[in-house]
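Spelled out from the first residue to the last, the chains are:
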Amino acid sequence: MESRCENCIIRQFNSLRAMSKEELKQVSDSKTTRTIKKGEPIFEEGDKLNGVYCVRNGVSKLSKLSANGKDQIVKLASKGEVLGQRSVISQESTNLSAIAINDMEVCFIPKESINNTLQKNPNFTLEVLRHMAHDLKEADDVIVNISQKTVKQRMAEAFLYLQNNFGEDAEGYLALTLSREDISNVVGTATESAIRIISEFKKKGLIQTSGKKIGIKDERKLLEMVEGF
């Protein structure tokens, strides 16, 4: 069931909200909705993109492959985020891969719609700039975290981030379940280290686990750890 951009609530979260009715109609006429299965790529590092992807449902991990063959996850993108904006505007290949963490629904918007609006609508251009500036700030934070915080601090911070951004399920576990490998790629450490720290956190009563699921038991202690107390 195709939904029209004009009636889509999700666009309130991104730069499309600055488009006029007419511009939204053009985008809506040109977009296609795609279903991406868990584990499938939306695009891969080095791809040339012919448009951007607006996330309607689900979560994607944006990651970069390092020289040692390990992924570094730089961002988790969920409902309302637009993927591929930077590549389309700069006309460069993507420097990140976007892989579905769970089943996703995305809208593909051809680059012509974006570029035409950028040239005609200064409000839209400003919104896009704002979002890119925000992404840059987040990337800066990732760099500072990896260079200045210990692996345990980054792990505690990752769990709190997942709780704040994606919430908890009815049993009190984090609603977004990441594999141990994904957790290690968010934190920037070896998978074995991540597994070891998770069991240490569990022993100390900071978190609880059930299979792949992780739940926060002592939020205050995790916060203190992040702050370096």
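Residues numbered from 1 in each chain as written. Predicted model: local features only at pLDDT ≥ 70, side-chain atom pairs only at ≥ 80, totals over all residues. Heavy atoms only, no water.

Draft legend 1. Expanded view of the pairing of strand S4 (residues 60-65). Strand direction decides the pairing type here: S4 and strand S5 (residues 71-77), joined by six bridges, are antiparallel. Opposite Ser 63, over in S5, you have Ile 73 as the bridge partner. Connecting S4 to the antiparallel partner S5 that follows it, the hairpin turn spans five residues, and Gly 69 within it adopts a positive phi of roughly 80°. As paired strands, S4 and strand S7 (residues 97-100) are joined by four bridges and run antiparallel to one another. Note that in S7 the partner of Leu 62 across the bridge is Ala 98. (Pairing = 2+ DSSP bridges. Helix = DSSP H or I, 4+ residues; strand = E, 2+ residues; numbered from the N terminus.)

Draft legend 2. Geometry of the nonpolar core. Core analysis: the largest hydrophobic core is formed by 33 residues, its most contacted members being Ile 42, Phe 43, Tyr 53, Leu 83, Met 104, Ile 109 and Phe 124. Counting only elements with at least two residues in this core, the list comes to helix H1 (21-30), strand S2 (41-43), strand S3 (51-57), strand S6 (82-83), S7, strand S8 (104-110), helix H3 (111-120) and helix H4 (122-148). When residues of this core are assigned to their parent elements, the largest contribution, five residues, is made by S8. With near-sequence residues (within four places) excluded, Phe 43 lies in contact with Leu 49, Tyr 53, Leu 83, Gly 84, Thr 94, Leu 96, Ser 97 and Ala 98. Core analysis: the next-biggest nonpolar cluster, separate from the first, contains 27 residues, Ala 194, Ile 197, Phe 201 and Ile 216 among them. (Core = buried A, V, L, I, M, F, W, Y, C linked by side-chain atoms within 4.5 Å. Buried < 20%, exposed > 50% of the residue type's maximum accessible area, 1.4 Å probe, protein only. Contact = heavy atoms within 4.5 Å.)

Draft legend 3. Representation of unusual backbone geometry. Even without being glycine, Gln 91 reaches a positive phi, approximately 55°. Looking at the element boundaries, Gln 91 is found in the loop between helix H2 (85-90) and S7. Judged by relative accessible area, which is 64%, Gln 91 ranks as exposed.

Draft legend 4. Examining the packing of aromatic side chains more closely. Evaluation of the coordinates by the stated rule reveals four aromatic pairs. Here the aromatic rings of Phe 43 and Tyr 53 are separated by 6.0 Å at their centres, their planes lie at 35°, and the arrangement is tilted. Residue Phe 43 is found in strand S2, and its partner Tyr 53 is found in strand S3; the two are separated by 10 residues along the sequence. Comparing Phe 43 with Tyr 53 shows no difference in burial state: the two are buried. The interplanar angle of 75° and the centroid separation of 6.4 Å between the aromatic rings of Tyr 161 and Phe 166 together place this pair among those described as edge-to-face. One aromatic cluster is present, built from ring pairs that chain together Phe 43, Tyr 53 and Phe 108. When the ring centre of Phe 108 is taken as reference, the NZ or CZ atom of Arg 34 above it lies at 4.5 Å. (Phe/Tyr/Trp six-rings, centres within 6.5 Å; stacked < 30°, edge-to-face > 60°. Lys NZ or Arg CZ within 6 Å of the ring centre and 35° of its normal.)

Draft legend 5. Highlighting H1. Among all positions of H1, only Glu 23, Leu 24, Val 27 and Ser 28 are buried. Angular distribution of buried residues about the axis of H1 spans 135°; they occupy a single face of the element. Across H1 from its buried face, at more than 90 degrees, point the exposed residues Lys 21 and Glu 22. Residues of H1 that are buried sit in contact with S8 and H3. (Arc of directions from axis to C-beta.)

Draft legend 6. Here's a closer look at the packing of helix H5 (residues 151-166) against helix H6 (residues 180-187). Their axes nearest at 9 Å, the elements H5 and H6 cross at an angle of 115°. It follows that H5 is roughly perpendicular to H6 by the angle criterion. With respect to the hand of their crossing, H5 and H6 are arranged in right-handed fashion. Across the interface between the two elements, Val 151, Arg 154, Met 155, Ala 158 and Phe 159 from H5 touch Ile 183, Val 186 and Val 187 from H6. Looking at the contact of H5 with H6, its residues break down into seven nonpolar, no polar and one charged. (Axes fitted to C-alpha atoms, helices over the stretch in contact; angles between N-to-C directions. Parallel < 35°, antiparallel > 145°, perpendicular 65-115°, else oblique. Left-handed = near helix turned anticlockwise from the far one by under 90°. Nonpolar A, V, L, I, M, F, W, Y, C, P; charged D, E, K, R; others polar.)

Draft legend 7. Inspection of the side chain of Arg 56 at higher detail. For Arg 56, the position within the fold is in strand S3. Once you skip the residues sitting within four places of it in the chain, Arg 56 turns out to touch Ser 3, Ile 10, Lys 79, Glu 105, Val 106 and Cys 107.

All we've got here are geometric facts, nothing functional implied.
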